[in-house]
Amino acid sequence: MRTMIVVVFSLLIVTIGKAQTAQRGRVSVNIEGAGQPLENATVELLKGKDSSLVKAAISGKNGLTELENIPFETYLLRVTMVNFTRQYSQPFTLTASQPELSLPPVTLSANASTQMKEVTVTARKPFIQKLSDRIVVNVDNSIVNAGSSALDVLERSPGVLIDPNDIISLRGRQGVIIMIDGKITPMSGTDLANMLRSLPSNAIERIDIITNPSARHDAAGNSGIIDIRMKKDQRLGANGTFTAGYGQGVFPKANTGATFNFRNKKVNFFGSYNYAHRQNLNHLFLKREFFKNGSYDGAYDQDNYMKIPVNTNNIRLGADYLLSKKSILGFVVNSTITNVDRTNENQSLVLDAVKQPASKFITNQQESSRPRNILANINYKYTFDSTGRELTADIDYGVFNNRSRSQFNTGFYQLDGTPTQPAYKLNGDQQGKITIATAKADYVHPLNKTTRLETGFKSSFVETGNDVVFYDVSSTTPVYDSSKSNDFRYKENNNAVYVNLNSEFKKISLMAGLRAEQTNMEGHQVVNDIRFDSSYLQLFPSVFLNYKLGEDKTIGISVSRRIDRPNYSELNPFRFFLDPSTYSSGNPYLKPQLTWSYELSYTVKQLSFTLGYSHTKQNTTVVIRPSETEDKVTVQMPVNLHTYDYFGLTVAAPIRFTKWWNAINNANIYYGHYNGNLANTTLDNGTPAANISTNNTFTLAKGWTIELNASVNTGGQVGFMKLDPQWQLSPGVQKTILNKKGTLRFSVTDIFWTNLPRAVVEFTNYVEHWHAQRESRVASLSFTYRFGKNTVAAARRRTTASEEERRRAGN
C-alpha cells in the first residue's frame, strides 16, 4: 500500500509540474577571447532589476554556454575567467512570445597584470556545509583536524557518536554504512575502528553524511551513509602535496604522506602514500553488579587499561584515460597494510553478596593483528550526446585478510596477593579473509529539458572465512579448547535494480525512485556443523519533493524505505575475550532490520530545519548483557529488538558575523524509543537527547587563521544503555608560508579533556556503571607543502559510478 501511494503521489506531482514548465525559457551564448572560443569560463545569469544571481554555468569546449529552465523576466550575463577581465552582456528579456534567445558572443580581454602568471586558488570552503541531501565535512579546511585520524574527524562531525565499544551511531541511531570513495567497507566494530584510526586526516578530502539516501544508493543503512572521500588533484601538469605532522596526547602520534598527480588532455595519473603511527589509549572503569531474584549477589569492580599502538601504510594508485571525446576508462587500486599490537591489563576486585571485597583476579592480554587489505576498481563512462545521456559502469574486486594472535594470562588471588588457584593461560590464533566482487552500471536518459530518467543494476558476491583456534596452555602441554575454537564460513549474493525519475519545474523539484534487492545467503559453523541459509526479495521506494515558496525559501518532503543486513563479523559466533568474566560474540541468527524514514525540511536563506521520523522493525542493537548460560559473565553481542522509533529536529545555521568571523552551527535534538525484551527485562522507553556544535573561523591578515570548535552531547539512550552528557572545546591556528605554498597548523582537540563517555546499563538481574578515559585531548602540529604547477586550468573530473553525488556534494 505504501509503495502504491508513493507511485500515485509521484505521478500526480509530475502532472502538476508539467503545466508549469511552459512559463520558462532558454538562453545560449558563445564566449570568446583572443579570437578563439573560451572553455571553462564562468557565466552567471543575473536578474536585471537587482543583479541577484539566478544560476550559473561553465562554457564548453566550443565556448558555448546554455542556460535552460529560466523564468520569463529581464536578465543580463556576467562572464568571468582567470586571467581575463570581467564582462557583462546587454540586458535581455524572455517572454512567452520569445522564450528562446541566442545572444551575441561575449568577448573577454586578457588581463595584462596577470597574463602569463600562475594563479593560486585561495577560496576556502567552510568546515561543515549543509546541502539539500547531505552534510559535507570538508576535512582539509579544518585546522583542528590536522594530524588527526579519520575516526577522530568522524567523532567531531555533526550528529556522529562513537561509544567505547567502537560502535558508530548517527543522530542517535546505530546501523550506519561506512563507505570509502563510494565503496562500502565490509568491516565493522573494532576492525572498522582500527581501520579508521589508521587512516590519517591529511589523506581525506571530505566526509559526506547522507541521512536519507535515494534509490540509486544501496538500500542498506537505516540511519544513513557516511562516505569518506579521499583526496584527488584536479590540476593540469605535474603537481602534488607533502604533509607531515606530530601529535601528543597521553601517547605520541605521527603521520606523513604525499600525493602526486600528472594530467594532460588525454590521461591522468594520480596516487598517494600515507604513513601513520598512533598509540591510542582506552582506560575503562567498570562496576558490574549481579542480582538473583532481586537480591544483591555480588559484583566486579574493574580497572581495564588498554594501550593500542597502530602503524599503517596506505597506498593509492589510479589513472583515467580519454578513449574518445565521449568515453573515459579509469582504474583505482587501494591497499592498506596495518600492524596493531594491543596490550591490556585488567584488574578485577570481587565483591561478595554483602558488598565486601572477597578476592581479586588480574588478566594480562597481548594481541597482535595484521590486517592486509586491497581493493581494485575499473570504471567506464560513455557520454552519448550533450543532453546529459550517459552510461557509467564499475567493477570492483577486493580481498581483506587478517591474522591475529593473542595471549591471555589470568591470576586469581586473595586480597593480600596470595594465589588461590593456578593461573589460567589461553592462546588464540585467528585467520580471517573476506573476498568481495561487485559489478554495477548506471544509465541516465533525459526525457526532456526538465526531466531525466535514471536506472541501473548492481550485483555483489561476498565470501568470508574465519578460523579461530584456542589452546589452554596453563600446563606444560597445550590443550585444544573446543568450546572457544571454531571455523565459520559465510557466503552472500545481492542483486539489485533501480529506477529514478528526476524532474525540475518552476517551483517544484521531484525525485521518485524504486529499488528492488534480492539476497541469498548461507552460513556454516564447521565445528558443530551448524548451517543456516536465507533468501528474500525486498522493495525500497523513495520520494523527494522540494517546493520553492519564495526567493530564499524552500520546503521539502522525503520518504524512503531502508534495510540493514547484519555485518559479516556480527554473524560470526566466535568469542573474543577481555578477561574470564567478559567476552564479545557475534550472533548467527541476527535478522536484517527494516526502516521507513520520513523527513520534512524548510530552508530560508542559509538556515535549514529538518523534522525527521523513522520506524524500524527488528532493530539491531549491540548490547552488554549478562550471560544466559554462565554465572557472573558479561557478553557484548548484537541482538534484534522489536522496534525502534526516532523523532528528531536538525538545524543548520551558518552565520557570518563579520568579514573575518564565520560560524557554522548545527543542532540535532531527538528522542529514540526502544521496544523489546532481553534477559528477562522488558524495554519500552527512551530518552530525549541533543547534539549541538559550532565551528568558528577567524580570518586575519598576513595569512593567519584561527579556528574554535565546540560541541555538546547531552547523552541519550542506546538500547539498555543510558549515556551521560559530554562536551569539548578545540582551538587551532593556521599560517600560510612559502609564497602560499606551505601551511602550518597547530591545534589542541578537547583542550579541557571533558569529551569522555560515561553510562549505565540496566537489566532485571544486572547493572553496570562504566566510564572511559580516551585520548580525546591531543596537541598536534602539522605542515603541508604544495608543489608543482598550480595554474587553475581545464581539468577533467575523474568519474566513477557515483559521479553525480560527488559533483553535487562539491558544489
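Residues numbered from 1 in each chain as written. Predicted model: local features only at pLDDT ≥ 70, side-chain atom pairs only at ≥ 80, totals over all residues. Heavy atoms only, no water.

### As for the side chain of glutamate 289
Thought 1: By the secondary structure assignment, glutamate 289 is in strand β21 (residues 267–292).
Thought 2: Buried and unpaired, glutamate 289 has no salt bridge, with lysine 287 as the nearest side chain of opposite charge at 4.3 Å.
Thought 3: Dropping the residues within four chain positions of it, glutamate 289 is found in contact with Tyr296, Gly298, Ala299, Asn765, Tyr766, Val767 and His769. (Helix = DSSP H or I, 4+ residues; strand = E, 2+ residues; numbered from the N terminus. Buried < 20%, exposed > 50% of the residue type's maximum accessible area, 1.4 Å probe, protein only. Lys, Arg positive; Asp, Glu negative; His and termini not counted. Salt bridge = Lys/Arg side-chain N within 4 Å of Asp/Glu carboxyl O. Contact = heavy atoms within 4.5 Å.)

### Considering the nonpolar core
Thought 1: Counting 50 residues, the largest nonpolar core has Tyr490, Leu678, Phe720, Met721, Phe763 and Trp770 as its most contacted members.
Thought 2: It is strand β38 (residues 634–656) that provides the largest number of residues to this core, a total of 6 residues. (Core = buried A, V, L, I, M, F, W, Y, C linked by side-chain atoms within 4.5 Å.)

### Examining unusual backbone geometry
Thought 1: Unlike most non-glycine residues, asparagine 293 shows phi in positive territory, near 55°.
Thought 2: Notably, lysine 355 is not glycine yet its phi reads approximately 65°, a positive angle.
Thought 3: Mapped onto the fold, lysine 355 is located in the loop between β23 (327–351) and β24 (357–369).

### Quick notes on the pattern of salt bridges
Thought 1: Taken as a whole and assessed by the stated rule, the structure comprises 20 salt bridges.
Thought 2: In this structure, lysine 449 engages glutamate 100 in a salt bridge whose closest nitrogen and oxygen atoms are separated by 3.2 Å. Remark: glutamate 100 occurs in strand β9 (residues 100–102) and lysine 449 occurs in the loop between β27 (419–446) and β28 (451–472); sequence separation between them is 349 residues.
Thought 3: When its relative accessible area of 51% is taken as the criterion, lysine 449 is described as exposed.
Thought 4: A salt bridge links arginine 288 to glutamate 768, with the shortest nitrogen-to-oxygen separation between them at 3.2 Å. Placement of arginine 288 in strand β21 and of glutamate 768 in strand β47 (residues 766–774) is noted, with a sequence separation of 480 residues between them. Here the two residues arginine 288 and glutamate 768 agree in accessibility, since each one is buried.
Thought 5: Residues joined by salt bridges that share partners form a network here, namely Arg26, Glu66, Glu100 and Lys449.

### Focus on the confidence of the model for the protein chain
Thought 1: Across the protein chain, the average pLDDT comes to 82, with 83% of residues at 70 or higher.
Thought 2: Mean pLDDT across the elements of the protein chain ranges from a minimum in helix α5 (residues 803–810), with 25, to a maximum in strand β46 (residues 758–763), with 95.
Thought 3: Note on residues 1–22: pLDDT under 50 across the span, and 30 contacts to partners over four residues away in sequence or across chains.
Thought 4: Throughout residues 113–123 the model reports pLDDT below 50, and contacts reaching past four residues in sequence, or to other chains, amount to 14 contacts. (pLDDT = per-residue confidence, 0-100.)

### Brief notes about the packing of aromatic side chains
We describe a pair of aromatic rings using the distance from one ring centre to the other and the angle between the two ring planes.
Thought 1: The final tally for this structure, using the stated rule, is 24 aromatic pairs.
Thought 2: With a centroid separation of 6.0 Å and an interplanar angle of 40°, the aromatic rings of phenylalanine 361 and phenylalanine 412 are classed as tilted. Linking phenylalanine 361 in strand β24 with phenylalanine 412 in strand β26 (residues 390–413), this pair joins segments that are 51 residues apart in sequence.
Thought 3: The exposure class of phenylalanine 361 is buried, given its relative accessible area of 6%.
Thought 4: Since its relative accessible area comes to 18%, phenylalanine 412 is described here as buried.
Thought 5: Between tryptophan 660 and tryptophan 661 the ring centres are 6.4 Å apart and the planes differ by 25°, which places this aromatic pair in the stacked class.
Thought 6: Linked through ring pairs, Phe290, Tyr300, Phe361, Phe412 and Tyr766 together constitute an aromatic cluster.
Thought 7: A cation sits over an aromatic face here: lysine 355 above tyrosine 296, 4.8 Å from the ring centre. (Phe/Tyr/Trp six-rings, centres within 6.5 Å; stacked < 30°, edge-to-face > 60°. Lys NZ or Arg CZ within 6 Å of the ring centre and 35° of its normal.)

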